[in-house]
Amino acid sequence: MTIVLQAEGLAKSYGRIVVVDDLSFEVARGECLGVIGPNGAGKTSLFNVLDGGVRADRGKIILNGEDVTHLPRHKRSHKGIARAYQVPQPFPDLTVFENVLVAASFAGRLHGHAAESAAWEVIHRVGLQERIRDLAGGLRLLDRKRLEVAKALAARPQLLLLDEVAGGLTEAEVNVLVDLVKSLKPDFGIIWIEHVAHALAATADRLMALHFGRKLIEGTPDAVLGSREVREIYLGIVDDAAA
Amino acid sequence: MAAVTTMLSRSPGRHHLLLMPAVLLVLALCAVAAPFVVGEGLLRLSSEILLIFAMAQMWNLLSGYAGLLSIGHQVFVGAGAYGMFALSIHAGVNPYVAIAFAPFVSGLLAALVAPILFRLRDAYFTIGMWVFSEIVTILVGKSNWLGGQNGLTLSALRDMDPDWISPISFWWAAFAAIGSLVLLAGLMRSRLGLALLAVRDNDVAASSLGIDVWRSRFIAFVISAAGTGLCGAIYFLGPAHILPAAGFDPNWVVIMLFICVVGGLGTIEGPIVGTIVYFGLRQAFATSGNWYLILMGSVAVVVMLVARKGLWGTLHARYGISLIPIRREPPSDKTFGI
């Protein structure tokens, strides 16, 4: 297995508030690492540190053996980190095609027809072909989430960061998305933050639970979701042995 | 530099502009012929219209396409004009030729101030631009080399044939106006154009998709300043005299803003409509004193309330018409054998 991402001792705090605390983990190609944790556990902050939105205070980020810790966000994108945001971030006054073309042209570093056909293919892959000429600002939520994934794919990444892409979707829509992510898995390393636990359990090879920015437990989905710590802190179930 | 060239290279768009070269050719021929056909007064007015249009288009590039709202653009009008005057007076360059250097003066000024101003975001940038413009105005007013409060006079022009001043001004103005159209249309179909549109819509998403937001804005800022400076230099060729209060008059940016807001910010056609409205109103109410200013303000307010995207922008949004299409069309399904 090729290791795509190695994070070593990552830390980030704002003043006295620690949002990422000494985190180390790895993701291999073809692997999906699920990240869970209560609100404020530092999940999105972790993504900000990984994609370069904010700089880590300490620690190292190694992408395909290359240290990218000190690169700005757009350069990390050139190196192969792509992110689908929790709240979709479309370019509202551009069409779906142009949105994906931006990703293929800049993050994907493609030119001319190569960029156009890459965008075209990705749009078909995520099922947005009917909307290809529509303005992104007018899309409904599922299509916005699809567009978010399409942009991340057109970036031709090594590492895909998915931030709660299933949030706010109906059961059927979540299943569509789970199938999509599963079909993507062989090509990338994926880190998926999600509150919808069954979506993660169905897709992730490993789960990592965060609490106050720190790693609580990491392991197979069954082991993590079944563990006492996660049940207490994340799911709010207190094992009352005395009762 | 190589990177800039790559960014300016043609985008994957596949719009055919078969009409555009023909239209441009006709416009250029008209411009060449105009001074021989049209009288002096009309020629001067035409020059002014063309220059104001080109300035509005440069302001549109920065505010409508790069998403940086500037209310200090008069600084580049003045910088270009003062640059031309100084070159002619202090270096003995022919004024008609010195005009060609004006964009470098205002462009350089923009490039130097960008690292400071770009630290400010949104409204802070807008105010920063205005403050910067005021600072430059005061400094120029205190500079003896630039004539201080008495300004500069383009004395070299006295030795030239007065019959040629208006035609040459007009040709320069026509060049600026047509050039601004070609530049904007070309830019928006290029890779840099796509980057700018993305940055304008969402700078966070743009940077996470590999766009160097700072550099894209920087290039747009410098181009906009350079174009505005060229227009400023051409404008002050006619009066052959410049004062700080005239070159750096905030009215410059008010006019650019009015034209873009009324016509449609972020569309190439909008400033054409806006310029027609502006000069139409100005000529119609030129004799009514201050009433025309009140009318201008009312028109701007009404347009903003009724048609927020401007006159052209609203037409475009409702009926999808565009004279100069810059949308990138997806490849047809046939290309892929489906």
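If you check an unreviewed UniProt entry, chain B appears there as Branched-chain amino acid transport system permease protein from Kaistia soli DSM 19436.

Taking an unreviewed UniProt entry as the reference, chain A is identified by name as Branched-chain amino acid transport system ATP-binding protein belonging to Kaistia soli DSM 19436.

**Q** Help me understand the overall build of chain A in this model?
**A** Helix and strand content of chain A: 9 helices and 10 strands. By its C-alpha atoms, chain A is 65 × 40 × 35 Å across when sized along the principal axes. The proportion of buried residues among the 243 residues of chain A is 56%. Here the analysis covers contacts within chain A between residues at least 6 apart in sequence; of these, 65% occur between residues at least 24 apart. If you sum the accessible surface of chain A, you get close to 9900 Å²; carbon and sulfur atoms cover 50% of it. On chain A, the mean spot of the 29 positive side-chain charges and the mean spot of the 31 negative ones are 5 Å from each other.

**Q** How do you make sense of the nonpolar core when you look at a structure like this?
**A** Buried together is how nonpolar side chains tend to be arranged in soluble globular proteins. Ranked by internal contacts, the top residues of the largest apolar core, which has 153 residues, are Val 102, Leu 160, Ile 190 and Trp 192 of chain A together with Phe 221 of chain B. Filtering out sequence-adjacent residues up to four positions away, Val 102 of chain A remains in contact with Phe 91, Leu 94 and Ala 107 of chain A together with Leu 194, Ala 198, Leu 209 and Ile 211 of chain B. By size, the runner-up hydrophobic cluster in this structure holds 27 residues, among which are Ala 7, Val 68, Met 208 and Leu 210 of chain A.

**Q** Got a minute to help me understand the packing of aromatic side chains in this structure?
**A** What describes a pair of aromatic rings is the distance from one ring centre to the other and the angle between the planes of the rings. Within this structure, the stated rule accounts for 15 aromatic pairs over all chains. Plain terms: the ring middles of Tyr 82 of chain B and Phe 248 of chain B are 5.7 Å apart, the flat faces sit at 10° to each other, and that makes the pair stacked. A residue pair is termed long-range when its members are at least 10 positions apart, and Tyr 82 of chain B in helix H4 (residues 74–91) and Phe 248 of chain B in the loop between helix H12 (244–247) and helix H13 (251–263) qualify at 166 residues. Residue Tyr 82 of chain B shares its accessibility class with Phe 248 of chain B, and that shared class is buried. With a centroid separation of 6.2 Å and an interplanar angle of 40°, the aromatic rings of Trp 164 of chain B and Trp 171 of chain B are classed as tilted. Since its relative accessible area comes to 39%, Trp 164 of chain B is described here as partly exposed. Taken together, the aromatic side chains of Phe 76, Phe 118, Phe 125, Trp 214, Phe 218 and Phe 221 of chain B make up a single cluster linked through ring pairs. Lys 151 of chain A extends its terminal NZ or CZ atom over the ring of Phe 91 of chain A, reaching a point 4.7 Å from the ring centre. The cationic tip of Arg 191 of chain B hangs over the ring face of Phe 106 of chain A; the distance from NZ or CZ to the ring centre is 4.9 Å.

**Q** Explanation requested: the side chain of Thr 228 of chain B in the structure shown.
**A** Residue and element names in this part refer to chain B. Relative to the elements of secondary structure, Thr 228 occurs in helix H11 (residues 213–237). According to the relative accessible area criterion, Thr 228 is buried, its value standing at 0%. A distance of 2.7 Å separates the side chain of Thr 228 from the backbone oxygen of Ser 224, its partner in a polar contact. Here Thr 228 is in contact with Met 58, His 73, Phe 76, Val 77 and Met 256, once residues within four sequence places are set aside.

**Q** When you look at the UniProt feature "transmembrane region" (unreviewed entry) in chain B in this model, what are you seeing that I'm missing?
**A** Within this numbering scheme, the UniProt entry marks residues 49–68, 75–93, 99–118, 125–145, 165–187, 218–237, 252–279 and 291–307 of chain B as carrying the feature "transmembrane region" (unreviewed entry). End C-alpha to end C-alpha, residues 49–68 of chain B measures 25 Å, and it is 85% helix and 0% strand.

**Q** Looking at this model, I keep getting lost on the domain arrangement of chain A. Mind explaining?
**A** Interface size, as often reported, equals the accessible area lost upon joining of the parts. Residues and elements named next belong to chain A. Domain assignment breaks chain A into domain 1 (1–80 + 157–243) and domain 2 (89–156). Facing the 17 residues of domain 1 at the interface are 15 residues of domain 2. Regarding the contact of domain 1 and domain 2, the summed buried area is about 1300 Å², with carbon and sulfur atoms giving 66% of it. Interface area lost by domain 1 to domain 2 is led by His 78, Pro 157 and Leu 180, which between them contribute 34%.

**Q** Hey, could you run me through the interface of chain B and chain A in this one?
**A** The interface of chain B with chain A comprises 31 residues on the first partner and 34 residues on the second. Here chain B packs against chain A, burying approximately 3000 Å² in sum over the two surfaces, 62% of which is carbon and sulfur. There are 2 salt bridges connecting chain B and chain A. Residue Glu 329 of chain B pairs with Arg 133 of chain A through a salt bridge whose shortest N-O separation is 2.9 Å. Summed over the shared surface of chain B and chain A, the number is 15 residue pairs in polar contact (both at pLDDT 80 or more).

**Q** Could you clarify how one ought to interpret the environment of Val 306 of chain B in this entry?
**A** The residue Val 306 of chain B is located in helix H15 (residues 291–306) in this model. Considered as a pair, Val 306 of chain B and Val 199 of chain B are 107 residues apart in the sequence and their alpha carbons are 27 Å apart.

**Q** Quick question: what am I supposed to make of the confidence of the model for chain A here?
**A** Regions with low pLDDT carry predicted coordinates that are not meant to be interpreted in detail. Confidence along chain A averages 88 in pLDDT terms, with 96% of residues attaining 70 or more. Per-element mean pLDDT across chain A ranges from 81 in helix H9 (residues 228–233) of chain A up to 95 in helix H3 (residues 96–107) of chain A.

**Q** How do you make sense of helix H9 (residues 191–201) of chain B when you look at a structure like this?
**A** Along an α-helix, residues three or four positions apart point the same way, because every turn accommodates 3.6 residues. Residues and elements named next belong to chain B. Across the 11 residues of H9, 10 count as buried, placing the element largely inside the fold. Within H9, burial applies to Arg 191, Leu 192, Gly 193, Leu 194, Ala 195, Leu 196, Leu 197, Ala 198, Val 199 and Asp 201. With a side-chain oxygen lying 3.3 Å from the backbone nitrogen of Leu 192, the N-terminal cap of H9 falls on Ser 190.

Conventions used here
- Residues numbered from 1 in each chain as written.
- Chains lettered and ligands numbered in written order.
- Predicted model: local features only at pLDDT ≥ 70, side-chain atom pairs only at ≥ 80, totals over all residues.
- Heavy atoms only, no water.
- Helix = DSSP H or I, 4+ residues; strand = E, 2+ residues; numbered from the N terminus.
- Buried < 20%, exposed > 50% of the residue type's maximum accessible area, 1.4 Å probe, protein only.
- Contact = heavy atoms within 4.5 Å.
- Areas by Shrake-Rupley, 256 points an atom, 1.4 Å probe, with all protein chains shown as cover.
- Lys, Arg positive; Asp, Glu negative; His and termini not counted.
- Charge placed at Lys NZ, Arg CZ, Asp CG, Glu CD.
- Core = buried A, V, L, I, M, F, W, Y, C linked by side-chain atoms within 4.5 Å.
- Phe/Tyr/Trp six-rings, centres within 6.5 Å; stacked < 30°, edge-to-face > 60°.
- Lys NZ or Arg CZ within 6 Å of the ring centre and 35° of its normal.
- Polar contact = N/O pair within 3.5 Å; in protein donor to acceptor, adjacent residues only side chain to side chain.
- UniProt positions renumbered as here; feature names shortened; annotations may be inferred.
- Domains from an automatic or database assignment.
- Buried area = accessible area lost by both parts, 1.4 Å probe.
- Salt bridge = Lys/Arg side-chain N within 4 Å of Asp/Glu carboxyl O.
- pLDDT = per-residue confidence, 0-100.

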